[in-house]
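Each chain is listed here by its residues.
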There are 2 protein chains.
Amino acid sequence: MTQAQALVRQPATSRSREISARCSACSMHQICLPMGLEEKDMDRLDQIIGRRRKIARDSHLYRVGDPFTNLYAIRLGHFKTHQVNPSGDQQVTGFQMAGELLGMDAISTERHHCDAIALEDSEVCEIPFSRLEGLFGEMPQLLHHFHRMMSQEITREQSVMLLLGNMRAEQRFAAFLTNLSSRYSIRGYSSTSFQLRMTREEIGNYLGLTIESISRLLSKFKKRGWIKVSNRDLELLEPVTLKAVAAGTQTCA
Amino acid sequence: MTQAQALVRQPATSRSREISARCSACSMHQICLPMGLEEKDMDRLDQIIGRRRKIARDSHLYRVGDPFTNLYAIRLGHFKTHQVNPSGDQQVTGFQMAGELLGMDAISTERHHCDAIALEDSEVCEIPFSRLEGLFGEMPQLLHHFHRMMSQEITREQSVMLLLGNMRAEQRFAAFLTNLSSRYSIRGYSSTSFQLRMTREEIGNYLGLTIESISRLLSKFKKRGWIKVSNRDLELLEPVTLKAVAAGTQTCA
DNA sequence: CGCGCCCTTGACTGAGTTCAACGGACGTGG
DNA sequence: CCACGTCCGTTGAACTCAGTCAAGGGCGCG
């Protein structure tokens, strides 16, 4: 029996889901929700995961006010989340990449508090929250890691508060680049060479700056020889300097 | 047998803890972690809660880098939390009051990421996190509410990001006052008349403004007849207007 | 080719900071 | 009880960083 035949003979429920869609086969499982689970537990998690959904670039994963039923684990691609205040202006609250969890802010009110939008064609795993809660009682490891992920989100947001509340423009931008760099590094990508998936405007909004300021900062950093930019392609030539600027140890002047 | 005698005759373990220290007898139990629990479950939660600790004004509940063992529920008083960045400047990340939970940002790394400091003489319940996790398996209601509280913290921080990223000074300050007002209201206190427990400097730091700006804003709002101020005593004379300013529907000009 | 979107750059503006001086509340000690 | 120092807050004047406004460039796509 060939491998192809073996695949064909699997029951329909298995065939309808690609093998690569299982947590254990996903390249993100060391970072994502199933981190640290044994094979057996990972399978149980797999069983509750609803669908793997494709989200086209610029389309919404969810919107403010949508009822909360699922968390979403990003398998592939990038997202942004933004809030809208009563007078209509937006604040980008984060950029998320593969292995990160979306929707945790909706647990408290069972409604989403922000919009989540794909920055490129992306793929997510739908995790029905009530079923996930059902697993927690029997899988303390899963629960513990879930708490770590929520806690990490709190920590992340606190550091953005520090950024928005205390830092000057160039410090903010250096911190932003440094943050992206380390997150790509964790995922096994280059920490010095990557693409910006978001527009200058989205970066500016996230950092509490205008698009013009971001543009000027890119030019300034380029002139200093700290980075190389061409459209959305970015190379960090002086990552150590950038880290120092982000930390406030060094300035641009 | 008199009541006094009855108290004396109670076993030492009971005597060492005041009756009012039990969750079911605490005025915050409708807001705090035990929200919605039945008497029996509340007792179980009580049993794992370590101590009720008094924290003197200006002293630390925990510091950045302290190992994480407990969450803290505020029974009485007010706290602030702040982060410190590498170059030494601080960012106040929140002001907490009775019924709120402190320390959730430490779960991810098992180290505290910020300092928590009492703004006045306060009291907290020490909740050993590992024992709390032990209860989760058997008390899904408790777990669910814990998730709601973490999620609420994420939401709260997102709205601060919106504030710091998008709002003008007067809008920030109006949002701050409105937020305090509604939190006091939930706790059964006056929503229009309360004391500021923090200095102008702490408010400014939290809102990404200087102490001078806060002082000027107080004067401005007073001149407009929106508030009455005398040192730390505050009265909101036009709460509706303040809400509108916070929402960006109305300006001060 | 032409249109739209995204980005860059320059000149000017202004909200909020910085600097500085002062005032008032509170606690301590003579 | 007053003198003194400290901490906290207020107010004014000058400055500055980032925003606003405006014009133009470059790239992709129909």
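Going by what an unreviewed UniProt entry lists, chain A is known as Fumarate/nitrate reduction transcriptional regulator Fnr and is assigned to Noviherbaspirillum album.

K.L.:
Describe the sheet that holds strand 9 (residues 193–195) of chain A, naming the residues involved and giving the relevant values.
P.N.:
Residue and element names in this part refer to chain A. Within the open sheet, the 3 strands sit side by side as 9-11-10. Their pairing is antiparallel. Looking at the sheet topology across the chains shown, the edges are occupied by strand 9 and strand 10 (227–230). The average undirected angle you get between the axes of adjacent strands in this sheet is 15°. Most of the contacts of helix 8 (residues 211–223) go to strand 10, to which it runs at about 130°, and overall it touches strand 10 and strand 11 (233–236).

K.L.:
Give me the lowdown on the packing of aromatic side chains, citing residues and values where you can.
P.N.:
Residue and element names in this part refer to chain A. Summed over the entire model, instances satisfying the criterion amount to 24 aromatic pairs over all chains. Aromatic pair phenylalanine 68 and phenylalanine 129: ring centres 5.4 Å apart, planes at 50°, arrangement tilted. Of this pair, phenylalanine 68 sits in the loop between strand 2 (60–62) and strand 3 (70–76) while phenylalanine 129 sits in helix 4 (residues 129–136); the two residues are 61 residues apart in sequence, bridging distant segments of the chain. Take phenylalanine 68: its relative accessible area is 10%, and that puts it in the buried class. Judged by relative accessible area, which is 4%, phenylalanine 129 ranks as buried. Cluster of aromatic residues (ring-pair linked, three or more members): Phe95, Phe173, Phe176, Tyr206, Phe221 and Trp226.

K.L.:
Could you give an account of the sheet that holds strand 7 (residues 115–118) of chain B, naming the residues involved and the relevant values?
P.N.:
Residues and elements named next belong to chain B. With antiparallel pairing, the 4 strands of this open sheet are ordered in space as 2-7-4-5. The sheet terminates laterally at strand 2 (60–62) and strand 5 (90–97), the two strands that pair on one side only. If you compare each strand with its neighbour and ignore which way they point, the axes differ by 30° on average. When strand 4 (residues 78–84) meets strand 7, the two strands line up antiparallel, connected through 4 bridges. Within strand 7, the residue paired with histidine 82 across the bridge is aspartate 115.

K.L.:
Give a description of the side chain of glutamine 83 of chain B that names residues and reports values.
P.N.:
Looking at where glutamine 83 of chain B falls in the secondary structure, it is placed in strand 4. Residues in contact with glutamine 83 of chain B, not counting those within four places in the same chain, are Gln158, Ser159 and Leu162 of chain A together with Asp89, Gln90, Gln91, Thr93, His113 and Cys114 of chain B.

K.L.:
Lay out the pairing of strand 8 (residues 122–128) of chain A with the relevant residues and their values.
P.N.:
Residue and element names in this part refer to chain A. For strand 8, the buried fraction is high: 7 of the 7 residues fall into the buried class. Across the two faces of strand 8 the burial is the same, with Ser122, Val124, Glu126 and Pro128 and Glu123, Cys125 and Ile127 all buried. One ladder, built from 4 bridges, connects strand 1 (residues 52–55) with strand 8; its direction is antiparallel. Counted as the bridge partner of arginine 52 is cysteine 125 from strand 8. Bridge count for strand 3 against strand 8 is 6 bridges, and the pairing is antiparallel. From the neighbouring strand, leucine 76 faces strand 8, where its bridge partner is glutamate 123.

K.L.:
Outline the protein's contact with DNA strand C, supporting the account with residue identities and numerical values.
P.N.:
Residues in close proximity to DNA strand C total 15 residues, the closest being Ser215 and Ser219 of chain A together with Ala169, Ser213 and Arg216 of chain B. Per the 4 Å cut-off to the protein, sugar and phosphate atoms form 64% of the nearby atoms of DNA strand C. Side-chain polar atom of arginine 232 of chain A to a phosphate oxygen of DNA strand C: 3.2 Å apart, as the coordinates give it. Only helix 8 of chain A together with helix 8 (211–223) of chain B provide two or more residues apiece to the surface near DNA strand C. Counting residues per element, the surface near DNA strand C draws most heavily on helix 8 of chain A, at 4 residues. Its residues assigned to classes, the surface near DNA strand C shows 2 nonpolar, 6 polar and 7 charged.

K.L.:
Just give me the short version of the pattern of salt bridges, but keep the residues and values in it.
P.N.:
In total, this model carries 34 salt bridges over all chains according to the counting rule given. Put simply, Arg22, Glu39 and Asp43 of chain A are held in one network by salt bridges that share partners.

K.L.:
Lay out the packing of helix 6 (residues 169–186) of chain A against helix 7 (residues 200–207) of chain A in plain terms, naming residues and giving numbers.
P.N.:
Helix-helix packing is described using two parameters, namely the angle between the two axes and the distance between the axes. Residues and elements named next belong to chain A. In the contact formed by helix 6 and helix 7, the axes pass within 10 Å of each other and the chain directions differ by 115°. Between helix 6 and helix 7, the angle is such that the two are roughly perpendicular. Considering how the two elements wind past one another, helix 6 and helix 7 form a crossing that is right-handed. The residues of helix 7 that touch helix 6, namely those facing Arg172, Phe173 and Phe176, are Ile203, Tyr206 and Leu207. When grouped by side-chain class, the residues that make up the contact of helix 6 with helix 7 number 5 nonpolar, no polar and 1 charged.

Analysis parameters
Residue indices begin from 1 for each chain and proceed along its sequence in written order. Each chain gets a letter, beginning with A, and each ligand a number, beginning with 1, in the order they are written. Totals for whole chains, interfaces and linings use all residues, but because this is a predicted model, local features are given only for residues with pLDDT of at least 70 and pairs of side-chain atoms are given and counted only at 80 or more. To obtain the side-chain values, all non-hydrogen atoms of the structure were included, while hydrogens and water were left out. Strand pairing is assigned whenever DSSP identifies at least 2 bridges connecting the two strands. Strands here are runs of E lasting at least two residues and helices are runs of H or I lasting at least four, both read from the DSSP assignment and numbered beginning at the N terminus. The angle between two axes is taken between their N-to-C directions and runs from 0 to 180 degrees, where each axis is a line fitted to C-alpha atoms and a helix contributes only its stretch in contact. Throughout, a residue-residue contact means that at least one pair of heavy atoms, one from each residue, lies within 4.5 Å. Side-chain rings of Phe, Tyr and Trp, where Trp is taken by its six-membered ring, are said to pair if the distance between their centres is within 6.5 Å; with planes under 30 degrees apart they count as stacked, over 60 as edge-to-face, and otherwise as tilted. For the exposure calls, accessible area comes from a 1.4 Å probe over protein chains only, and a residue counts as buried if that area is under 20% of its type's maximum, exposed if over 50%, partly exposed in between. Residues are labelled near a given molecule or strand when at least one of their non-hydrogen atoms is within 4 Å of it. Under the rule applied, a polar contact is a pair of N or O atoms within 3.5 Å (in protein, one hydrogen donor and one hydrogen acceptor; residues adjacent in sequence only if both atoms are side-chain atoms). When residues are sorted by character, Ala, Val, Leu, Ile, Met, Phe, Trp, Tyr, Cys and Pro go into the nonpolar class, Asp, Glu, Lys and Arg into the charged class, and all the rest, Gly among them, into the polar class. Here, a salt bridge means any Lys or Arg side-chain nitrogen found within 4 Å of an Asp or Glu carboxyl oxygen. When an angle is under 35 degrees it counts as roughly parallel; over 145 it counts as roughly antiparallel; between 65 and 115 it counts as roughly perpendicular; any other value is oblique. Each crossing is labelled by how the near helix is turned from the far one, with a counterclockwise turn of less than a right angle marking it left-handed and a clockwise turn marking it right-handed.

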